[in-house]
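Secondary and tertiary structure notes
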Amino acid sequence: MSLSRRVVLLAGLTLLPVVALQAVNEFALRGARETELRASVALQAQQVAAAQERLTEGVRLMLTALSESKDIRNAEPTECTAILRALRTAHPDFEAIGVADRAGNVFCATDRLDTAGPMPPVGDRFYFREAMATGRFTVGTYAVGRRTGVPSFHMAMPYRNPAGETAGVVFVSIALARLAADLDGPQWSLNRVMTVADRNGTILLRLPDGGRFVGKPFPEDIWRETARASAPGTID
């Protein structure tokens, strides 16, 4: 007899990916042992969620500062690119940092490849459309870099021109493999699996053995329960 417990963290779903942990034990669990398992899985899920919250808040603060830079607000590509290159050097976990105008055309950017030439437009990306529509910081969904080909997700913040009009979006791309490496550890095994999914139910990372799952849908039965939930809890 086996027991499966999946603890799903939903706090701040619009700003954080969903975190799910599944603990599987191939023996009967009763009473105190089952309570202990639930508490242990819940604690690990909360720790992962807290790590993601720290990452999200750090990026939000950085993008807020960039959105107030006069070189970005005035759409000065040379000065803007110099700022972004310095930031990416200081934060190698960032796959790319860029600034797009209100049409989604990237006029200032740097990425891991740091090759010459313009970046592809981002006007159709969820993070761009959502940030422009809401005027607020946005966490994106699963994406594959059009120039790097790397699975990633984005965070974005709108910026205003000197006239006070929303002029475009400042964004950061974070490689999912780097995020997985930061969260990996001996606590994950075939009996204790950690999965992070975006708001659409697409898997961003899974530990262990994530390569087979990234970019694929979260199991439909679990996702239905997750989408209906309004607070952290367990799904049996």
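From a predicted model like this one, the values you see are computed outputs, not experimental measurements.

Locating threonine 141 in the fold gives a position in the loop between β5 (138-139) and β6 (143-144). Setting aside chain neighbours within four positions, we find threonine 141 in contact with Phe126, Ser152, Phe153, Asp198, Arg199 and Asn200.

Mapped onto the fold, threonine 138 is located in strand β5. A relative accessible area of 4% places threonine 138 in the buried class. Here the side chain of threonine 138 touches arginine 136 through a polar contact of 3.2 Å, landing on its backbone oxygen. Setting aside anything within four residues of it in sequence, one finds threonine 138 in contact with Phe126, Tyr127, Glu130, Ala131, His154, Met155 and Ala156.

Time to look at the state of the cysteines. With the rule as written, the count across this model stands at one disulfide. For cysteine 80, the disulfide goes to cysteine 108, at an S-S distance of 1.8 Å. What sets the handedness of the cysteine 80 and cysteine 108 disulfide is the S-S torsion sign, and at about -90° it is left-handed. In this pair, cysteine 80 sits in helix α3 (residues 77-90) while cysteine 108 sits in strand β4 (residues 106-111), placing the two residues 28 residues apart along the sequence.

So, about the packing of aromatic side chains. To describe a pair of aromatic rings, one takes the distance between the centres and the angle between the planes. Inspection of the entire model under this criterion finds one aromatic pair. Seen in terms of ring centroids, tyrosine 127 and phenylalanine 171 are 5.5 Å apart; in terms of plane orientation they differ by 45°. Their pairing is tilted. Here phenylalanine 171 lies in strand β8 (residues 166-175) and tyrosine 127 lies in helix α4 (residues 126-134), a separation of 44 residues in the sequence. For the pair shown, tyrosine 127 and phenylalanine 171 are each scored as buried. Residue placement shows arginine 206 over the ring face of phenylalanine 213; its charged tip is 4.0 Å from the ring centre.

This part is about the pairing of strand β9 (residues 192-197). For β9, a buried count of six out of six residues is recorded, marking the element as mostly surrounded by other parts of the structure. Across the two faces of β9 the burial is the same, with Arg192, Met194 and Val196 and Val193, Thr195 and Ala197 all buried. Looking at chain direction, β9 and strand β10 (residues 203-207) are connected through four bridges and run antiparallel. Bridging across to β10, threonine 195 finds its partner in arginine 206.

This brings us to the confidence of the model for the chain. A low pLDDT score tells you not to read the predicted coordinates there in detail. Summing up the model confidence of the chain, the mean pLDDT is 81 and the portion of residues at 70 or higher is 80%. Across residues 1-15 the pLDDT falls below 50, and counting only partners more than four positions away or on other chains, this stretch makes 66 contacts in the model. Scored below 50 in pLDDT, residues 23-29 makes 23 contacts in the model with residues more than four places away or belonging to other chains.

In this structure the tally under the stated criterion is six salt bridges. When the shortest N-O distance is used, the salt bridge between arginine 147 and aspartate 111 registers 2.9 Å. Linking arginine 147 in the loop between β6 and β7 (151-160) with aspartate 111 in strand β4, this pair joins segments that are 36 residues apart in sequence. Since its relative accessible area comes to 26%, arginine 147 is described here as partly exposed.

A separate point is the pairing of β4. Each regular strand carries side chains that alternate between the two faces of the sheet. In terms of burial, β4 is a largely internal element, five of the six residues being buried. Judged from the five bridges that link them, strand β3 (residues 94-101) and β4 form a sheet pairing that is antiparallel. Looking across to β4, one finds that isoleucine 97 is bridged to threonine 110. A loop of four residues connects β3 with β4, the two strands running antiparallel in sequence, and glycine 104 in this loop sits at a positive phi of about 90°.

The next point concerns the nonpolar core. Membership of the largest hydrophobic core comes to 32 residues, with the highest contact counts inside it found for Leu63, Leu66, Val99, Met155, Val172, Met194 and Leu205. The set of elements that each furnish at least two residues to this core consists of α1 (31-67), α3, β3, β7, β8, α5 (176-183), β9 and β10. Per-element accounting of this core gives the leading share, five residues, to α1. Counting 12 residues, the second largest nonpolar core, distinct from the first, contains Ala96, Ala100, Ala131 and Val169.

About the thresholds
Residues numbered from 1 in each chain as written. Predicted model: local features only at pLDDT ≥ 70, side-chain atom pairs only at ≥ 80, totals over all residues. Heavy atoms only, no water. Helix = DSSP H or I, 4+ residues; strand = E, 2+ residues; numbered from the N terminus. Contact = heavy atoms within 4.5 Å. Buried < 20%, exposed > 50% of the residue type's maximum accessible area, 1.4 Å probe, protein only. Polar contact = N/O pair within 3.5 Å; in protein donor to acceptor, adjacent residues only side chain to side chain. Disulfide = S-S within 2.5 Å. Phe/Tyr/Trp six-rings, centres within 6.5 Å; stacked < 30°, edge-to-face > 60°. Lys NZ or Arg CZ within 6 Å of the ring centre and 35° of its normal. Pairing = 2+ DSSP bridges. pLDDT = per-residue confidence, 0-100. Salt bridge = Lys/Arg side-chain N within 4 Å of Asp/Glu carboxyl O. Core = buried A, V, L, I, M, F, W, Y, C linked by side-chain atoms within 4.5 Å.

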